[in-house]
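# Examining the three-dimensional arrangement
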Amino acid sequence: MTPNFAVIGIQTPDFRMPRLWLPIFLLWIPVILLSPLIFLVLVAIAVAARTTIWRLIVLCWDVLGGLTGTHVQVSTQDSQVLVRIL
Amino acid sequence: MNENRRQILEMLAAGKITADEAERLIAALEDAPAPSNGASASEAMPRLKVKYLRVLVESQDKSGPTTVNVRVPMQLLRAGVRLASLIPAQAHEQLDEALSRHGVPLTLSQIKPENLEELIDHLEDLTVDVDAKEDNTKVRVFCE
C-alpha cells in the first residue's frame, strides 16, 4: 500500500512547530497529470539501465509502497525532529 | 497435551510426586528440544515475519542526552536491494574499487538477486548491541 500521510514535527529551543500531517495521497493528482512526462523519464531510465520499463515501474512501486511505516526520530535535550510516513 | 506432560500430571494426581517435583519435570520438558519427526523445530514452528529494522542510538554528552530512533520497513529494504540490480554493469568495477578502498572487499557482479533476498531474510535474525561506556553511547540494531 502506498503511503497516505507524512507526519513531520520539528522542535528547537526557539521554534516549536505543531506536528504537521501532510496528505501525501494528494500528490497523486499532479502525478496523474504529469504521467506522460513521468512515463518518458522512466523509459529513458530503463534504456540507460538496460532494463524493461515494466520492471522499472514495479521497482518504483515497491519502493513507494515500502516507505509506509518509516519512522525517523532524532531528539536532543531541547530539540526534536520527527518524520513518520503512514 | 503431550504424553510426557500427561504422565507427570497423572503421577502428581496419584501422589507419587510432589507439586514441586512436577513443576521441575514440566520445566525440564519445556527446556528439552522437541522430538523431530523428519522436520526440524524451525520448520515445525512458523517463524514470525518481522516487518521493521530498528536502529536505536542513545548517547549522553556534555550538551545532554541524544537519541536516534529509526524504523525502516523490511519491504523498503527489499525494494532498495532490488533497485541495486539496476546499477549498470559498467559501474560495477568502479564501485568494487571504491568499496575495497573503504575496507569492503565486495564484487558486486557476483551478487545475484537471490543472494540479496537471502541476505534480507537472514537480517531478520540480526541483533547488534553496542555499549560504549567511555562515550556513554548505546547502539541497538534489531528486527521487530
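Residues numbered from 1 in each chain as written. Chains lettered and ligands numbered in written order. Predicted model: local features only at pLDDT ≥ 70, side-chain atom pairs only at ≥ 80, totals over all residues. Heavy atoms only, no water.

## Quick look at the overall build of chain A
Along chain A, the regular secondary structure elements total three helices and four strands. The linear arrangement of helices and strands in chain A, starting from the amino end, is β-β-α-α-α-β-β. Every one of the 86 residues in chain A was classed for burial, and the buried ones make up 26%. Within chain A, residue pairs in contact and separated by at least 24 positions form 42% of the contacts whose partners lie at least 6 positions apart. (Helix = DSSP H or I, 4+ residues; strand = E, 2+ residues; numbered from the N terminus. Buried < 20%, exposed > 50% of the residue type's maximum accessible area, 1.4 Å probe, protein only. Contact = heavy atoms within 4.5 Å.)

## Observations regarding the interface of chain B and chain A
Each side of the interface is counted separately: chain B has 19 residues, and chain A has 21 residues. Around 1800 Å² of area is buried between chain B and chain A when both sides are counted, 55% of it from carbon and sulfur atoms. Run the count over chain B and chain A and you get one salt bridge. Linking chain B to chain A there are six residue pairs in polar contact (both at pLDDT 80 or more). Residue assignment for the side of chain B that touches chain A shows that the elements contributing at least two residues are strand 2 (64–73) and helix 4 (74–83) of chain B. (Buried area = accessible area lost by both parts, 1.4 Å probe. Salt bridge = Lys/Arg side-chain N within 4 Å of Asp/Glu carboxyl O. Polar contact = N/O pair within 3.5 Å; in protein donor to acceptor, adjacent residues only side chain to side chain.)

## Examining the pairing of strand 1 (residues 5–11) of chain A
In terms of strand pairing, strand 1 of chain A meets strand 2 (residues 20–23) of chain A through four bridges, oriented antiparallel. Each residue of the ladder has a partner; that of F5(A), found in strand 2 of chain A, is P23(A). (Pairing = 2+ DSSP bridges.)

## Some remarks on the pairing of strand 1 (residues 52–61) of chain B
Residues and elements named next belong to chain B. Relative to strand 2, strand 1 runs antiparallel, the two sharing 10 bridges. Bridge pairing in strand 2 links L53 to V72. Counting the residues in the hairpin turn of strand 1 and strand 2 gives two residues. As paired strands, strand 1 and strand 4 (residues 137–143) are joined by seven bridges and run antiparallel to one another. Within strand 4, the position partnered with R54 by the bridge is F142.

## Digging into unusual backbone geometry
Residue and element names in this part refer to chain A. Here the phi dihedral of R50 falls at roughly 55°; this positive angle occurs in a residue that is not glycine. As for its placement among the helices and strands, R50 is situated in the loop between helix 2 (35–48) and helix 3 (53–66). Residue classification places R50 among the exposed residues on the basis of a relative accessible area of 68%.

## Some remarks on the pattern of salt bridges
One pass over the full model with this rule turns up three salt bridges over all chains. Residues R82(B) and D62(A) are paired through a salt bridge, measuring 2.8 Å at the closest nitrogen-oxygen approach. Placement of the pair is R82(B) in helix 4 and D62(A) in helix 3, with the two residues belonging to separate chains. The class for R82(B) is partly exposed, based on a relative accessible area of 29%. Of the charged contacts in the structure, one is a salt bridge between R140(B) and D129(B), with a shortest N-O distance of 2.8 Å. Of the two residues, R140(B) is situated in strand 4 and D129(B) in strand 3 (residues 127–132); the sequence distance between them amounts to 11 residues. Given a relative accessible area of 37%, R140(B) falls into the partly exposed group.

## Observations concerning the nonpolar core
Ranked by size, the top nonpolar core spans eight residues in total: V50(B), L53(B), M74(B), V81(B), L116(B), I120(B), V141(B) and C143(B). Elements with a contribution of two residues or more to this core: helix 4, helix 6 (113–123) and strand 4 of chain B. Within the second largest apolar cluster, six residues are counted, among which are L42(A), A46(A), A49(A) and L56(A). (Core = buried A, V, L, I, M, F, W, Y, C linked by side-chain atoms within 4.5 Å.)

## Observations regarding the environment of W61(A)
Structurally, W61(A) can be placed in helix 3. Put simply, W61(A) and M1(A) are 60 residues apart on the chain and 9.3 Å apart in space, counted from C-alpha to C-alpha.

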